[in-house]
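# Report on the structure
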Amino acid sequence: MADSTSLRIAVVGPTHPYKGGVSAHTTALAHELTDAGHEVILVSWSRMFPKNFYPSEEGLPDGKPDIPLFPRTIRTMSWRRPDTWVRTGLKLQDMDAILIAHVMPIMVPGSLALLRAAGVGRTSSTGLGPRAIAILHNVLPHERRTGDEAVMETFLRRVDAALVHTPAEARAASALGAEHVVVADLPPHLPQGDPIAHDDFRGPARLLSLGTVRDYKGIDLLMRAMMRVPDVTLTVAGEMWADTAPVIRALAEDRRLAGRVAVHGGYVPAERLPSVFAKHDVLTLTYRTATASQNVTLGHQHGLPVLATDVGNFAQEIRDGVDGLIVPPNDEDALVAALERLRDPDEVARLRAGVRPPDLHAPWARYIGAIEALASADSNAAVGGLGDEPVEDRAIPALYSRARTSLKGVVARSRPRVDLHRNDFPDWVRATDVLCTEEEAHDAWQLSRDLRLPLTIRPVEAWCALGALAAVLRVRDDGNRSALLIDESGVGSPYSRWARAIGFAPLELELTGGRSSVSVLDVETASLDVITRLHPNDCEADEVVEVMNQASWALRTGGLLSLTMAVGPAGAEGCVGPSELRGIVARADDVGFVLVGDLDGDVTDKLRRAAGAATDDQAAFAVARLTFRRR
């Protein structure tokens, strides 16, 4: 890399003239990475896969792109020319990272050939070569073929990280052998076209089903429910897949739906979308199954509430009863009840009034921040060598959602690379402590280098992780590195890399949006040994109680919970006050935890001095690390 803030990134995936959400996302991603200051090239396909693998027209019918074209685009790969896979990969050897926008298992051989030719795989041993990050829109396709699981298992074991968009997809990727899975909420990549005024209509809801008509989207379920509810109407607008078209057309011709269903086959180009949305009242997403979709965002952008099933990311994006309705999947009776509500013009108007324009920018900042952390050398630094001096912490976008959820066999995959024991830590590295000065953070960073731990360039994160790691070795390690560690600290923390380097196999998880961290893990009560949540994804004041409650049932007797939190003046956003720390300790005792160490003596003195020297009543003046043991 030329400097610490700019990366050379190749984005490999479909783009114009290919249509659909993956193509739009890939193109938008290239634009967003460039806007963030990175040097980006978009590598695409001249022929992506055989016709029988995609029973629809691949390209846009009128040739007009839905998303602005990315200028640095090359279309050098063809599914039927393996030599193009290799030649393209050879051109990418000087990249810092290669992002593979995965579409279908049939494309895996080409992706692997490209990555191998680009030198991926050298990173772990020499620190050279690009990092490989798979962006998985679907870990497995909706319509699966024999061998898909085996192909994806091979692919996921050969990339450095996999980025998915829902916890369910994280479970699927982990079950197929992915070593490092990140969950990042799907950012909006909407077609061009500003919303227009909704037409003046008052009556039962005019429903809209928009997009490719496929079985998993459940449009037939919606139509069967409509047979039991009069008045509401439906427009089906989108390309009809061969196996689904006869079913939809037959239902539309049923006398119970006479005059109430209009079927318009064919791709709906971007310039027509605003007028289509303006003539309807509710967008429907009654999917049987889903991964992640931006269709809720698209509907809300055009002022429509959304009727959706509780699959994929729909429930996360819809405020049930406020700007849409959520029903269970494959439940005709629940759909009937929702349609009965939508017969009422007042209910339709109330839901429409609850729709708020979506934030189209902040999700991208978080998404790019997660990719930056995965793509940077710091996310998998080679062992050995002191490396560069630490640099000042710089603001980066909050890192988004991760979940690693398949627990079988994980510990067996870890091999120690650094020989580290509990006695190697000096006494000043404590399980419970406060960080008040830059000197303390630098001392922790220097100790991590002396201990030959993988390089991190951020002293604060080093201080946070070092004490937590020392606590594991001193309190919970049996000498065989068999303890099961769950880390919620985010890719900005070195904790998991350090734990892996000394022989543990931590599962990394980072969630936002009000989702329960432990609840997405496929674990039993009292089955974990250690849970950590450290800077930069530390606990805010209003999260501490919930985190402790979750950990109290997930940890075994003797298990550890290590947290960091910002300490600041009363009222400072996200901070706990010095006096509140003792209240947190008392609350921990109520749910079965005892503090490892104490807050007395020099810890109290350091906090008092830091508070006295603080000049900003809205900013943190210290970081507290609290480590608890489950009774």
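Up top you'll find the structure we're talking about.
We now turn to the structure provided with this report. Quantities reported herein were computed from a predicted structural model and do not represent experimental measurements.

### Focus on the sheet that holds strand S11 (residues 282–285)
What the six strands build is an open sheet, ordered S10-S9-S8-S11-S12-S13; its pairing is parallel. Edge positions in the sheet fall to strand S10 (261–265) and strand S13 (324–327), since each has one partner strand and no second. Shown here is a sheet whose adjacent strand axes are inclined to one another by a mean of 20 degrees, direction ignored. In this structure, strand S12 (residues 306–309) lies alongside S13, joined through four bridges in parallel fashion.

### Regarding helix H16 (residues 459–476)
Structurally, the α-helix is built with 3.6 residues per turn, so residues lying three or four positions apart point the same way. A rise of 1.5 Å per residue sets the reference length of H16, with its 18 residues, at 26 Å; its end C-alpha atoms lie 25 Å apart and thus fit the reference within 8%. The element H16 is largely enclosed, with a buried count of 14 among its 18 residues.

### A word on the pairing of strand S9 (residues 233–238)
Burial of S9 is extensive: five of the six residues sit out of reach of the surface. In this structure, strand S8 (residues 206–210) lies alongside S9, joined through five bridges in parallel fashion. Opposite leucine 210, over in S9, you have alanine 237 as the bridge partner. In terms of handedness, the path from S8 via helix H7 (residues 219–226) over to S9 forms a crossover that is right-handed. Viewed along the sheet, the connection from S9 through helix H8 (residues 245–252) into S10 turns out right-handed.

### Some thoughts on helix H14 (residues 362–375)
Look at H14: 20 Å from first C-alpha to last across 14 residues, which is about the 20 Å you get at 1.5 Å a residue. For H14, a buried count of eleven out of 14 residues is recorded, marking the element as mostly surrounded by other parts of the structure. Where H14 is concerned, the buried positions are Pro363, Trp364, Tyr367, Ile368, Gly369, Ala370, Ile371, Glu372, Ala373, Leu374 and Ala375.

### Let's talk about the pairing of strand S1 (residues 8–12)
Among the five residues in S1, four count as buried, and that is most of the element. Pairing of S1 with strand S2 (residues 39–47), which is carried by five bridges, proceeds in the parallel orientation. Residue valine 12 lies in a different strand from S2, and its bridge partner there is valine 43. A crossover links S1 with its parallel partner S2, the connecting element being helix H1 (residues 21–35), and its sense is right-handed. Two elements, S1 and strand S4 (residues 97–102), share four bridges in a ladder whose sense is parallel. The residue bridging valine 12 from the neighbouring strand is isoleucine 100, located in S4.

About the thresholds
Residues numbered from 1 in each chain as written. Predicted model: local features only at pLDDT ≥ 70, side-chain atom pairs only at ≥ 80, totals over all residues. Heavy atoms only, no water. Pairing = 2+ DSSP bridges. Helix = DSSP H or I, 4+ residues; strand = E, 2+ residues; numbered from the N terminus. Axes fitted to C-alpha atoms, helices over the stretch in contact; angles between N-to-C directions. Expected span 1.5 Å × (residues − 1). Buried < 20%, exposed > 50% of the residue type's maximum accessible area, 1.4 Å probe, protein only. Right-handed = clockwise from strand over helix to strand, strands pointing away.

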